[in-house]
Amino acid sequence: MDAQSRASHLPRRTTIAAFALAATLLLAACGSTEKKAASATSRSLTIPFVQDMSVPDPDVFYDVEGDEVTQSTYEGLVRYAPNSTRIVGQLAKRWAASPDGKTITFHLRKGVVFHDGATMTSADVKRSFERRAKLGQGSGYMVAGIASMQTPDPQTFVVKLKGATLPFMDYLASLWGPRVIGPEALVKHAGSDRSQTWLGTHDDGTGPYELTSFMRGTRYELTAFPKYWGAKPYYTKVAIEITPDINTQQLRLRGGDLAMMLHGYPESSLGDVKAAGNLAVGLYETGATLVAYLNTNKAPLSSLANRVAVAKAIDPQKIVAEAYGPTATVATGPYPPSVLTNQPKLDYGQGTPATPKPIAKGAKITLAYAADEKGTLGRVAQLLQVQLAPLGLNVTISEVPHPQIYDFAKHPATAPDIVLLTNNPDAAHPDTWASINWGATGGTNLLAAKDPTIDALLAKALKQTDKPAADAIYRTIGAKVIASHEQLFLANVKDTIVYNKSISGLQHTPLYPWMVDLAALKPAS
């Protein structure tokens, strides 16, 4: 797994007029998708994104902002059940594993049609899995353990693993797990880049919606697919408008122009929702965890003693109380609570010592935070700035676009000293947090911290066929990370979705932030 971003958004801090100009230039240079709408009914809704998603290609997309698009247009063999981490069938109606756990046979649904009109077969599934493996993007690790694939008949797909892998089915159920892509994309428009250019503005999935317009920087449009195999969505049109200004989103939501805000609604303004009359707030548990990444590659935080001093100086209780309020709780372990029980305890979070020993008087520290969470993370950064001052640290704060954050691992010696990011596991299995966060080449190991013993333990855990034995190894890994103080776990963050009371049917998976199933939405009765 490489350092591909799971949240690689483009910075959007300009005016709406600038967005329009940028979109015009992009369209002139690259073109855009404008399919004919599948339905002309007026059953439509509009939701905002703070920033652009990186790309609607499901084998490249590894973000958070944009999950509604990829999950509405593409499907996998299995998924997590609504409001649960229980794995259920999606394009596979049933499956069975061999006694040694190395062979899994999937029996596919009949009559599933791609948006290009072709009927799905096992050959399409195999081709899709092969593409993900060959592209080798951030989520490519989910298929890296496959030794071979077979298609004995059009409705049967057989996966042979290199070894029994406990998290494999969770990989498949993940929001970023392998999706099945149709032949118009992977055959007709393969090009010289394995369809990446075409899938950058089009879709060819089996989902309940088609991507009928993709105008970067401005607007995306989803249209209900009339030949969808499952339950038809109520809303035949979903417009997604890029609206970086949170105040603008709030005004439009209160005025009834937007159906919901998936994230970014200020905690300080939640008390006003009840007064608005037409709005409601949903708080949902997620795997999202606020992490402070410390740069072990340069002074002063290359020193373990200095990192310990930073850990002892912070006050997570104050951070949660003043930046999150009821929308988060203080972290109690290195993993999100939903993926591992009986975690090793954190050894910080007791507040600033009464007489802290300065690390280096006047030492300059750079602290960067993710731009798409600028409201909350900006406040966290300010609190940390104050809390670290007694250590003699002069902290400079900067707001950084996500693509830049995920480039830090390429040049850690010149990267910021501390990076703030809300991160979440890829799936409901501890490996999908530990490997991406703490492995030497993990996708969210933002500042390239390296510990060969952790890499060896990660490999050992994946070879286990007994879950309790594997979980014990993951706890050992967590304890090592705590002792290294290369990452500090500050808060477990809830999803705060503010929505119009005219909308019902919100379905939310307890792992993933900012994500609802658009096809399940319907009018309130």
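Residues numbered from 1 in each chain as written. Predicted model: local features only at pLDDT ≥ 70, side-chain atom pairs only at ≥ 80, totals over all residues. Heavy atoms only, no water.

### Some details on the packing of aromatic side chains
Two numbers describe a pair of aromatic rings. These are the distance of the centres and the angle of the planes.
Reasoning step 1: Under the definition given, this model contains 11 aromatic pairs.
Reasoning step 2: With a centroid separation of 5.2 Å and an interplanar angle of 65°, the aromatic rings of F129 and F157 are classed as edge-to-face. Taken together, the positions of F129 in helix α3 (residues 122-135) and F157 in strand β8 (residues 156-161) put the pair 28 residues apart, joining distant regions of the chain.
Reasoning step 3: Relative accessible area serves as the criterion here: at 2%, F129 is assigned to the buried category.
Reasoning step 4: Here F157 falls in the buried class, since its relative accessible area comes to 0%.
Reasoning step 5: A ring pair is formed by Y234 and Y235, whose centres lie 4.8 Å apart and whose planes are at 85°; its orientation type is edge-to-face.
Reasoning step 6: Y234 sits in the partly exposed class, given a relative accessible area of 31%.
Reasoning step 7: One aromatic cluster is present, built from ring pairs that chain together F49, F214 and Y220.
Reasoning step 8: Across from the ring centre of Y234, 4.3 Å away, lies the NZ or CZ of R43, which sits over that ring. (Phe/Tyr/Trp six-rings, centres within 6.5 Å; stacked < 30°, edge-to-face > 60°. Helix = DSSP H or I, 4+ residues; strand = E, 2+ residues; numbered from the N terminus. Buried < 20%, exposed > 50% of the residue type's maximum accessible area, 1.4 Å probe, protein only. Lys NZ or Arg CZ within 6 Å of the ring centre and 35° of its normal.)

### Concerning the nonpolar core
Reasoning step 1: Counting 133 residues, the largest nonpolar core has L77, F106, M260, L290 and L420 as the members making the most contacts within it.
Reasoning step 2: Setting aside chain neighbours within four positions, we find L77 in contact with G89, Q90, L91, A92, F106, L108, V125, F129, F157 and L172.
Reasoning step 3: Of all hydrophobic cores here, the second largest spans 10 residues; its members include I246, M261, L279 and V498. (Core = buried A, V, L, I, M, F, W, Y, C linked by side-chain atoms within 4.5 Å. Contact = heavy atoms within 4.5 Å.)

### Remarks on the environment of H202
Reasoning step 1: Looking at the element boundaries, H202 is found in the loop between α6 (196-199) and β9 (209-215).
Reasoning step 2: The spatial distance from the C-alpha of H202 to the C-alpha of A185 is 8.5 Å, given a sequence separation of 17 residues.
Reasoning step 3: Only 2.9 Å separates the side chain of H202 from the backbone oxygen of W198, close enough to count as a polar contact.
Reasoning step 4: Within the local environment of H202, its side chain forms a polar contact with the side chain of T201, the two groups lying 3.0 Å apart. (Polar contact = N/O pair within 3.5 Å; in protein donor to acceptor, adjacent residues only side chain to side chain.)

### Description of the confidence of the model for the protein chain
Reasoning step 1: Residue-level pLDDT values for the protein chain average 89, and 90% of them are 70 or greater.
Reasoning step 2: Confidence drops under pLDDT 50 across residues 1-41; counting only partners more than four residues distant or on other chains, this segment forms 106 contacts. (pLDDT = per-residue confidence, 0-100.)

### Examining the packing of helix α13 (residues 431-438) against helix α14 (residues 452-462)
Reasoning step 1: Interaxial distance between α13 and α14 falls to 11 Å at its minimum, and their mutual angle equals 155°. Judged by the angle between their axes, α13 and α14 are roughly antiparallel. α14 is crossed by α13, and the crossing has left-handed handedness. Counted together, D431, A434, S435 and W438 of α13 and I454, D455, L458 and L462 of α14 form the full contact between these two elements.
Reasoning step 2: Of the residues assigned to the contact of α13 with α14, the class counts are five nonpolar, one polar and two charged. (Axes fitted to C-alpha atoms, helices over the stretch in contact; angles between N-to-C directions. Parallel < 35°, antiparallel > 145°, perpendicular 65-115°, else oblique. Left-handed = near helix turned anticlockwise from the far one by under 90°. Nonpolar A, V, L, I, M, F, W, Y, C, P; charged D, E, K, R; others polar.)

### Section: α3
Reasoning step 1: Over its 14 residues, α3 runs 20 Å from end to end, which matches the ideal 20 Å to within 8%, given 1.5 Å per residue.
Reasoning step 2: When α3 is considered as a whole, its buried residues turn out to be S122, D124, V125, S128, F129, R131, R132 and L135.
Reasoning step 3: In the stretch just after α3, G136 is the one whose phi turns positive, near 60°. (Expected span 1.5 Å × (residues − 1).)

### Details of the environment of F168
Reasoning step 1: On the secondary structure map, F168 appears in helix α4 (residues 168-173).
Reasoning step 2: Residue F168 is classed as buried on the basis of its relative accessible area, which comes to 3%.
Reasoning step 3: Taking the C-alpha atoms as reference, F168 lies 9.8 Å from L462; in sequence the two are 294 residues apart.
Reasoning step 4: Beyond its immediate chain neighbours, meaning those up to four positions away, F168 contacts I104, M142, I146, V159 and L161.

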